[in-house]
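# Coordinate analysis (summary)
What follows is each chain in one-letter form.
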2 protein chains.
Amino acid sequence: MNRPIRRVTIKQVAEEAGVSTQTVSRVINERPDVAPETRQRVKEVIARLGYQPSSVARSLIQGRTRTLGVVGYGVEYFGPSRNLSGIEQQASEMGYALILDLVRRPEQSNVEHILREMLARHVDGIIWAVPEIGGNREWVTQAPQLPVPLIFLSTQPRPGIAIANVDNRSGGRMATRHLIEQGRRNIGIITGPLSWWEARQRQCGWQDALENAGLPVSEEFVVEGDWSAASGEQGLRMLLERCSRLDAVFASNDQMALGALQAARRAGLRVPEDLAIVGFDDIPEAAYFCPPLTTIRQDMVELGRLAVRELSRMIEASLEGQTTIEPRAILLRPQLIVRESTVPQGNRTYLFRR
Amino acid sequence: MNRPIRRVTIKQVAEEAGVSTQTVSRVINERPDVAPETRQRVKEVIARLGYQPSSVARSLIQGRTRTLGVVGYGVEYFGPSRNLSGIEQQASEMGYALILDLVRRPEQSNVEHILREMLARHVDGIIWAVPEIGGNREWVTQAPQLPVPLIFLSTQPRPGIAIANVDNRSGGRMATRHLIEQGRRNIGIITGPLSWWEARQRQCGWQDALENAGLPVSEEFVVEGDWSAASGEQGLRMLLERCSRLDAVFASNDQMALGALQAARRAGLRVPEDLAIVGFDDIPEAAYFCPPLTTIRQDMVELGRLAVRELSRMIEASLEGQTTIEPRAILLRPQLIVRESTVPQGNRTYLFRR
DNA sequence: AGGTATATTGTTATCGTTAACGGGATACCA
DNA sequence: TGGTATCCCGTTAACGATAACAATATACCT
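Throughout what follows, the structure given in this document is the object of discussion.

This part covers the sheet that holds strand E9 (residues 276-278) of chain A. All names here are of chain A. Taken together, the 4 strands give an open sheet; going across it, the order is E7-E6-E8-E9, and neighbouring strands pair in parallel fashion. Edge positions in the sheet fall to strand E7 (222-224) and E9, since each has one partner strand and no second. Sheet twist, expressed as the mean angle between neighbouring strand axes with direction ignored, is 15°. For strand E6 (residues 187-191) and E7, the ladder comprises 3 bridges, and the chain directions are parallel. For Ile190, the partnering residue across the bridge sits in E7 and is Val223. The sheet strands contacting helix H7 (residues 168-181) are E6, strand E8 (248-251) and E9, and the helix crosses E8 at an angle near 165°. On the sheet, helix H8 (residues 197-212) packs against E6, E7 and E8 and is oriented at approximately 170° with respect to E6.

Turning next to the interface of chain B and chain A. Counting residues at the interface gives 69 residues for chain B and 70 residues for chain A. When the two sides are added together, the surface that chain B and chain A hide from each other amounts to roughly 5900 Å², 54% of it contributed by carbon and sulfur. The tally of links from chain B across to chain A stands at 2 salt bridges. Of all the elements in the fold, those that place two or more residues in the side of chain B that touches chain A are helix H4 (55-62), helix H5 (78-93), strand E2 (97-103), helix H6 (111-120), helix H9 (229-242), helix H10 (254-266) and helix H11 (300-319) of chain B. Element by element, the count of residues in the side of chain B that touches chain A is highest for H5 of chain B, at 8 residues. Of the residues contributing to the side of chain B that touches chain A, the split by class is 36 nonpolar, 18 polar and 15 charged. Here 3 bridges tie strand E2 (residues 97-103) of chain A to E2 of chain B, and the two strands are oriented antiparallel to one another. Bridge pairing links Leu100 of chain A to Leu98 of chain B in E2 of chain B.

Around DNA strand C, the surrounding shell holds 27 residues, and the nearest of these are Thr38 of chain A together with Ile10, Gln22, Ser25 and Tyr51 of chain B. Taken together, the sugar and phosphate atoms account for 56% of what DNA strand C places within 4 Å of the protein. In this structure, Arg26 of chain A approaches DNA strand C through a side-chain N or O atom, which is 2.8 Å from a base nitrogen. Contacts to DNA strand C include Thr38 of chain A, whose side-chain N or O atom sits 2.5 Å from a phosphate oxygen. Elements that contribute at least two residues to the surface near DNA strand C include exactly helix H2 (21-28) and helix H4 (55-62) of chain A together with helix H2 (21-28) and H4 of chain B.

Conventions we followed
- Residues numbered from 1 in each chain as written.
- Chains lettered and ligands numbered in written order.
- Predicted model: local features only at pLDDT ≥ 70, side-chain atom pairs only at ≥ 80, totals over all residues.
- Heavy atoms only, no water.
- Pairing = 2+ DSSP bridges.
- Helix = DSSP H or I, 4+ residues; strand = E, 2+ residues; numbered from the N terminus.
- Axes fitted to C-alpha atoms, helices over the stretch in contact; angles between N-to-C directions.
- Contact = heavy atoms within 4.5 Å.
- Buried area = accessible area lost by both parts, 1.4 Å probe.
- Salt bridge = Lys/Arg side-chain N within 4 Å of Asp/Glu carboxyl O.
- Nonpolar A, V, L, I, M, F, W, Y, C, P; charged D, E, K, R; others polar.
- Near = heavy atom within 4 Å.
- Polar contact = N/O pair within 3.5 Å; in protein donor to acceptor, adjacent residues only side chain to side chain.

Printed below as a string of structure tokens:
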């Protein structure tokens, strides 16, 4: 393995081309005040030596790295990974690189340490994409004091703080309203862990829909899961024990819905005839569940893209010394995807009802 | 939004503590030659001002950023996302930050551009985790000429190049041998896209197992999918048309196996009695398929961790000016997970046969 | 001719940090 | 007393680039 001993620097290019480093710099940055033939000569040398400006040195003097810090959780899950993908796409299109930090225990991560690390690397802005669990976001009040802008993803809005969310509550409402429209009256919910803000939001949506329809909201219909298929299976078993007239369930994610499907099958219930099931997320597999799963799709890629655009806007404003800019709250509406776990195959025309 | 105008620098700390910047630097880096009370005083100032050394400036002079470049593909899929997770864990434990670049079209990504970008940011090493598709890795011969070490993930081994793989061929063999041991004799395969090296490896494993068992290997039994559930569904339909005595299928990933399960159901076949199905990956949902899916588990997290450790070893060697270090090829064996898609529920004892 | 504008290039300082070296003070030894 | 070692700290230069300014040459105008 033979490596070039050192990188090529601007100095070497300057020497080789017989000009000053400043002139080379001007060529690199496409400044106008360079004679055409000089520019040409320098460009040739750059190409010949394979010179690449050091963005580290550049960052130092310009006070900006064109780097965003991303603090994420759960890339192995569908939503967060799509989210990261969207962030990367938009960042890359806007000329930003990403520094990635994945948190393993979102409920007790060392915020202080992570932020210091990011700031030491002079990121221009930070995307905080860790779910809000228990009190793990109490430090939010300090966010405006950070030397760089920060945007939160999927956390509770708060005045003066930039944020981008999918409207989980509205999603829960849509899922539940759909079940009601199918004539269901005893609608249970398998929630996510209730320490999660998003899980509570989805539950609120479920409750909204029931109340709007004048249906009773009972504790009896609520079971708390942990997002896993196993917990969905167990959750449905518990609901069925408690309430034999249960005719529908809103599972707060597709994995739990999958578990619930299995529990229904084992209990000898037909889906959707005896029991309708709605999920949340629309993972790619959902269309191939048995039966295919009705669910709520959220565009996490777009959410990531929007977050980067908003953060970039904040960065620009901050660089120009503007202090008047008010952080926005972005809210993305999810979408109901109807499949056979709520509507019997024969009734497919329902889909086109309106 | 009021931000601190500027960051605290070492100069301010030095001034405030009445020492030179060099002394502050010595305190930060825990050098021995500082008087205890001076050290104490400086530390207090650091704490009071909330000073954090700039790793940008540090990188510039030390010629090392403690940063790894990760070029990845498909974080929205299970394997790659776990892989990234493992990389991040190990890197973080070893004090490296990650710069992430996600490629969207792995078969025609701009390698040159990506590498230049990474090198401009002075990464200490690069992890290339983009699947090998068609000729998209022909540039591999230039890898040893890069100024920093590079390790490939999930690509064809090559002497002189560091690499870390799951043994896909062995996985394909295990899956197929398991089917043979179940008494199956007409075993089809739904492959991944055959432009993918990994897909071909899995197919080779299937062929190995058939040949070892003295079973005929026929083109008729091969259908090419595209990793999606839809292609798995269509794939099985085609296999069934071609060959009515088909009694088992190896689907080269779990999504395609899911599609195949649906196709089998629609064709009125019982799984596993009429048709046994094996997948590949062991996604978390696989255990909740209908029936639960036998599959090949690969530890992508561990693969990521190993890659980082190996890369770190190469970086250290490179920094010490060693040229003798020979890049290793890491090969991780996958594992067969037996579930009900190949073994009828009553026969569960099979699991403990040996 | 002299003055002013414009085009092109170079010089010096700077970003925040550390490497390399030097120098003063003290202690210890012959 | 002088020499040497050790401790502690400061000065200068450097990393690789750009900002700010200065300088030169040329062109153009009055």
